[in-house]
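Structural overview
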Amino acid sequence: MKHKKLNYLFAVIFACGLAGQSAHAQPIAFESLTTELIKRADMDLPDGSTQQIDGGWLISSSGTDATYDPFGDHATFLYEEITGDFDRAVQIVSFDTLDPDGRGGIMVRESLDSISRVAKIAVSGLTGAEDESGVPIGRDRIEVMVRRDPRNLDEVDAPLGYSRLGRAYPGVGEAIPNLWIRVARHGNHFNYYLSENGSSWKLIGEDYFIGLPAKLFVGTYATTTTLESNVATVEFAGYRNSAVSDGVGPVAVSAGTLDKKVIGILFNEALASASVVPGNFAVTGATVAGARLGLGGESVYLDVTGLTADAFTVTINGVTDAGGNAISSNFNVSGTATAGWSAVDIGVFNEPENRPQDGDDPAIIGQTVAVSSGDHLTLEIVGGGSNIWNPGDFGHFVHKEQTGDFDIQVKVERFSNSYKTSTFGHSGLWIRNSLYNEDQENTPEGTAVVNYGNLTYGEGNVERTALAIWRDEAGGGYGNGDVIGTSTADDNGVTGRWGHLRVANAKGDFVEGSSSSASRWLRLNGRQYPRPPCGPMMV
């Protein structure tokens, strides 16, 4: 039986970033505390104010958070304009509101328009009141929220536009005033942190946010549910640059490529995106045409031309980590091309050769980059799509044709939720008879091919560590086996829950399993799979 092991990294990568390191306080004073209101065209502006106090400021607002309001954000936002990478932290000292859904925190915006791409840590406090049972009123939680595509605010089926990354973290009332939050940007990748002391950080969410410009608006905000009624007042202190410098330069760990057009390089820590430029990389037998940060800020993707050999060496100079430490001169890392793999978006597209277009599903163009070589392959995958279920299959599929028996394992290192599916974002091993049903390409019905999967779910579904699913008939609906799950929350927020997935095929009998160690396997549902009458399967 053929055995192969892969490391798939779905949308986010290794847990070796900044979590758990100590940050050096570098307070930042805004040049002025002039109130800036995110405007909303069809309503009057809210009553918003800022007040400078020792070590920080108060923000008061009666705006409306677009999580509840389809017309956009309406908040009081004190901000700075930042181009490129940043790492900002702030302490929330107090939270005063009569609105159960009052919010405040750190917000990152593409623009000051009410409808904009947004990434934020939303802190919801308590009102100070109690219900009839004596339970304090208020959401009392911390959430990571993003709005990737503001166009969705105009769609009937997606009026809110926000998606939550991961689960909510309760206990704001107990944590204040010892509550710190933090957002860091490394290229297109964002990390979100929580702390009880402002120095030891817990990673509570991360996201690869495609399409944001270099310059963003970053700062603190407060808002409520309705304009007419309640006010939220949040006290912030110690707003600062929280970037970490360990005094040691980065190290390139591995390299690889699937297509000899994009080379992936994995580093041991996050890099400064400004140092990731084509001139700092040289590849034997090829020309480097482009360079950009990958997932986590800990990988680099090189666009190359002219690479024909399977083996290559990358020489690196001038690259620095997020703390400004440079890599050793002429640092070399070698890799090889891994043949036979293909990466494709499956779904419905208005113009398949001219993406993205309004109404595409997936709306986000997927990508897969190998950052290691050999049989134990490490892939970084970004994919969108509305779901993989009865209406059809909409997602990003990385596959290799397999003939005969096989036994494939994968470890999902990190995983962020997909857009508009939030708590139902999923990934894992997938076996398909074809990409589309014959003569039905690019239609919902055409995506509904016979397939079999062993999936793991995103942060919002802690009880779904592994789930077997299948579609036995072309165009038919899905069936699924028993859910294998855990109620144990990961201490670091986003890592360590999903573990290893496995699917073995022996003469058409499929057996799938789940494991936390890849040494002892919990068997899920063995099942006869209606494989194609001739030809290979896509795995």
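Residues numbered from 1 in each chain as written. Predicted model: local features only at pLDDT ≥ 70, side-chain atom pairs only at ≥ 80, totals over all residues. Heavy atoms only, no water.

Attention now goes to the sheet that holds strand β12 (residues 201–208). The 7 strands are arranged β2-β3-β14-β5-β10-β11-β12 in an open sheet whose pairing can be described as antiparallel. Pairing within the sheet leaves two strands with one partner each, and these edge strands are β2 (48–53) and β12. When strand polarity is set aside, the average angle formed by the axes of neighbouring strands in this sheet is 25°. Bridge analysis of strand β5 (residues 86–97) against strand β10 (residues 180–186) gives 6 bridges, and the strand direction is antiparallel. Bridging from a neighbouring strand, A89 pairs with R182 of β10. (Pairing = 2+ DSSP bridges. Helix = DSSP H or I, 4+ residues; strand = E, 2+ residues; numbered from the N terminus. Axes fitted to C-alpha atoms, helices over the stretch in contact; angles between N-to-C directions.)

How two aromatic rings sit relative to each other is given by the distance of their centres and the angle of their planes. Scanning all chains against the criterion turns up 9 aromatic pairs. Plain terms: the ring middles of F397 and W430 are 5.1 Å apart, the flat faces sit at 70° to each other, and that makes the pair edge-to-face. Of the two residues, F397 sits in strand β26 (residues 392–399) while W430 sits in strand β29 (residues 426–432), which places them 33 residues apart along the sequence. Judged by relative accessible area, which is 7%, W430 ranks as buried. Here the aromatic residues F77, Y79 and F217 are joined through ring pairs into a cluster of three or more. Taking NZ or CZ as reference, R182 lies 4.3 Å from the ring centre of Y193, over its face. The ring centre of W430 lies 4.5 Å from the NZ or CZ of R432, which sits over that ring. (Phe/Tyr/Trp six-rings, centres within 6.5 Å; stacked < 30°, edge-to-face > 60°. Buried < 20%, exposed > 50% of the residue type's maximum accessible area, 1.4 Å probe, protein only. Lys NZ or Arg CZ within 6 Å of the ring centre and 35° of its normal.)

A few words now on the sheet that holds strand β21 (residues 331–336). Pairing is antiparallel in the open sheet, where 3 strands are placed in the order β17-β20-β21. If you trace the sheet from one side to the other, it starts and ends with β17 (281–283) and β21, each paired once. On average, each strand axis in the sheet is inclined to that of its neighbour by 20°, with strand direction left out of account. Across 3 bridges, the pairing between β17 and strand β20 (residues 311–316) is antiparallel. Counted as the bridge partner of F281 is I316 from β20.

Across the protein chain, the average pLDDT comes to 79, with 74% of residues at 70 or higher. Under a pLDDT of 50 for its full length, residues 8–26 has, in the predicted model, 82 contacts with residues more than four places off or in other chains. (pLDDT = per-residue confidence, 0-100. Contact = heavy atoms within 4.5 Å.)

P177 follows I176 through a cis peptide bond whose omega is 10°. Here P177 is to be found in the loop between α1 (172–175) and β10. The linkage connecting R355 with the following residue, P356, adopts the cis geometry, with an omega of -5°. Checked against the element boundaries, P356 lands in the loop between β22 (342–346) and β23 (367–370). For N442, which is not a glycine, the phi torsion comes out positive at approximately 65°. Structurally, the position occupied by N442 is in the loop between β29 and α2 (444–447). Judged by relative accessible area, N442 falls into the partly exposed class, the value being 23%.

What follows deals with the pairing of strand β31 (residues 467–471). Counting buried positions over the 5 residues of β31 gives 5, a clear majority of the element. Residues L467, I469 and R471 line one face of β31 and the alternating positions A468 and W470 line the opposite face, and both faces are buried. Both strand β30 (residues 451–457) and β31 contribute to a ladder of 5 bridges, which runs antiparallel. Each residue of the ladder has a partner; that of G453, found in β31, is I469. Summarising the sheet, β31 and strand β32 (residues 479–480) pair through 2 bridges and their orientation is antiparallel. Note on β32: the bridge partner recorded for W470 is G479.

Right, let's get into the environment of S328. Structurally, the position occupied by S328 is in the loop between β20 and β21. A relative accessible area of 49% means that S328 is categorised as partly exposed.

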